[in-house]
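Residue-level structural notes
Chain by chain, the residues:
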Amino acid sequence: NESRSRTFLQPKGGINYNFNENLNAFANYAHVERFVDLSVYYNQGRVNPNVQDEKSNQFELGLGWNSEKIKAKANYYNMAWENKSAQIFDPNNAGTAGYDRNGYKSELIGTSKHEGIELEVTLPFDWLGVKGLELTSSLTMNRVSLLRVISRTRRAVSRTASRGAPFIRSWR
């Protein structure tokens with residue numbers, strides 16, 4: 001019979017500067033907060049009222065080029081998360097306390113950093129006389145770093161690593 005509610009304030013903003021009709025630069029910032037994963041909060045039936053919600057500060061810087069023959073954007077992004085939760089997979093513990101029947105459980109991981117570079121290129125074919133047809137391609141290179149792993153999570157992953165290969169399935 002546990003209930004929970006909260007209002008989140010999530011400011012987002014950006015700025016764009018056009019150097020000329022072709023070249024622009026942009027920057028964005030966002031502060032994001034959201035409930036921690038419900039599996040962590042409800043903790044297999046034992047509510048953990050002390051668990052903190054996930055929080056993130058996100059930055060992006062980039063350049064854009066827009067001409068008749070090509071449109072291109074390149075940007076760098078950096079997202080720092082606090083109180084991050086993730087789903088851990090350990091098939092050896094499937095069906096045991098805290099794990100579902102497939103061997104998954106959600107854990108509070110700690111602090112993480114997500115950063116990367118995104119590139120996008122669009123080739124419009126208007127200049128060839130084909131109106132409305134474009135070819136778009138994008139590439140993202142990213143890196144995720146666990147900056148602070150909560151000690152009980154580290155122990156749980158280390159304990160199960162010797163019996164198999166647990167891994168973090170997905171970030172939430």
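Report on the accompanying structure. Everything numeric here is computed off the predicted structure, so don't read it as measured data.

**Side note on the overall build of the protein**
What the protein contains, in helices and strands, is two helices and seven strands. Each helix and strand of the protein, placed in order from N terminus to C terminus, yields the pattern β-β-α-β-β-β-β-α-β. The long-range fraction of contacts in the protein, counting pairs at least 24 apart against all pairs at least 6 apart in sequence, stands at 62%. About 11,100 Å² of surface is accessible on the protein, with carbon and sulfur atoms providing 53% of the total.

**Let's talk about the nonpolar core**
As a rule of thumb, nonpolar side chains are buried together in soluble globular proteins. In terms of nonpolar packing, the biggest core is built from six residues, these being Val36, Val40, Tyr41, Val51, Leu108 and Ile150. Contacts of Val36, omitting those with residues within four sequence positions, involve Arg4, Tyr41, Val51, Gln52, Asp53, Glu54, Asn83, Ser85 and Leu108.

**Some words on the environment of Asp53**
Residue position: Asp53 is located in the loop between helix H1 (38-42) and strand E3 (54-66). Taking the relative accessible area as the measure of exposure, Asp53 reaches 5% and is therefore buried. C-alpha separation for the pair Asp53 and Asn83, spaced 30 residues apart in sequence, amounts to 6.4 Å. Those residues in contact with Asp53 that sit more than four places away from it in its chain are Arg4, Arg6, Phe8, Arg34, Phe35, Val36, Glu82 and Asn83.

**Points about the packing of aromatic side chains**
Scanning the entire structure with this criterion turns up four aromatic pairs. A ring pair is formed by Tyr17 and Phe19, whose centres lie 5.0 Å apart and whose planes are at 80°; its orientation type is edge-to-face. Residue classification places Phe19 among the partly exposed positions, given a relative accessible area of 48%. Where Tyr29 meets Phe59, the ring centres are 5.1 Å apart and the plane angle is 45°; that geometry is what we call tilted. Pair noted here: Tyr29 is in strand E2 (residues 23-34) and Phe59 is in strand E3, with a separation of 30 residues, a long-range link. Overall, Phe59 belongs to the partly exposed group, its relative accessible area being 47%. The ring of Trp81 is capped by Lys84, whose NZ or CZ atom sits 4.2 Å from the centre of that ring.

**Some points on the pattern of salt bridges**
The final tally for this structure, using the stated rule, is four salt bridges. Between Arg34 and Glu54 there is a salt bridge; the shortest N-O distance is 2.7 Å. One end of the pair, Arg34, is in strand E2; the other, Glu54, is in strand E3, with 20 residues separating them in the sequence. The exposure class of Arg34 is partly exposed, given its relative accessible area of 33%. Measuring nitrogen to oxygen at the nearest pair gives 3.8 Å for the salt bridge that ties Lys113 to Glu115. Sharing partners across several salt bridges, the network here consists of Arg34, Glu54 and Lys84.

**Structural notes on unusual backbone geometry**
One non-glycine residue, Asn83, lies in the positive phi region at around 60°. With respect to the helices, strands and loops of the structure, Asn83 is situated in strand E4 (residues 71-89). For Asn83, a relative accessible area of 15% translates into the label buried.

Criteria and cut-off values
- Residue indices follow the written sequence of each chain, beginning from 1 at its first position.
- Local features are withheld for residues below a pLDDT of 70 in this predicted model, meaning they are given only at 70 or higher, and side-chain atom pairs are given and counted only at 80 or more; totals for whole chains, interfaces and linings count all residues.
- Side-chain figures throughout are based on the complete set of non-hydrogen atoms in the structure, without hydrogens or water.
- In this description a helix means any DSSP run of H or I spanning at least four residues, a strand means any run of E spanning at least two, and both kinds are numbered starting from the N terminus.
- Contacts are residue-level and defined by heavy atoms, with any inter-residue pair within 4.5 Å sufficient.
- For accessible areas, the Shrake-Rupley method is used with a probe of radius 1.4 Å. Any residue's cover is judged against the shown protein chains and nothing else.
- Grouping buried Ala, Val, Leu, Ile, Met, Phe, Trp, Tyr and Cys residues that are joined through side-chain atoms within 4.5 Å yields what is termed a nonpolar core.
- When a residue's accessible area, from a 1.4 Å probe over protein chains only, is under 20% of the maximum for its type it is buried; when over 50% it is exposed; and in between it is partly exposed.
- Any two of the Phe, Tyr and Trp rings considered here, Trp counted by its six-membered ring, make a pair once their centres fall within 6.5 Å; the pair's planes then place it as stacked at under 30 degrees, edge-to-face at over 60, or tilted in between.
- We call a charge positioned over a ring when the NZ of a Lys or the CZ of an Arg lies within 6 Å of the ring centre and within 35 degrees of the ring normal.
- Take a side-chain nitrogen of Lys or Arg and a carboxyl oxygen of Asp or Glu: if they are within 4 Å of each other, that pair is a salt bridge.

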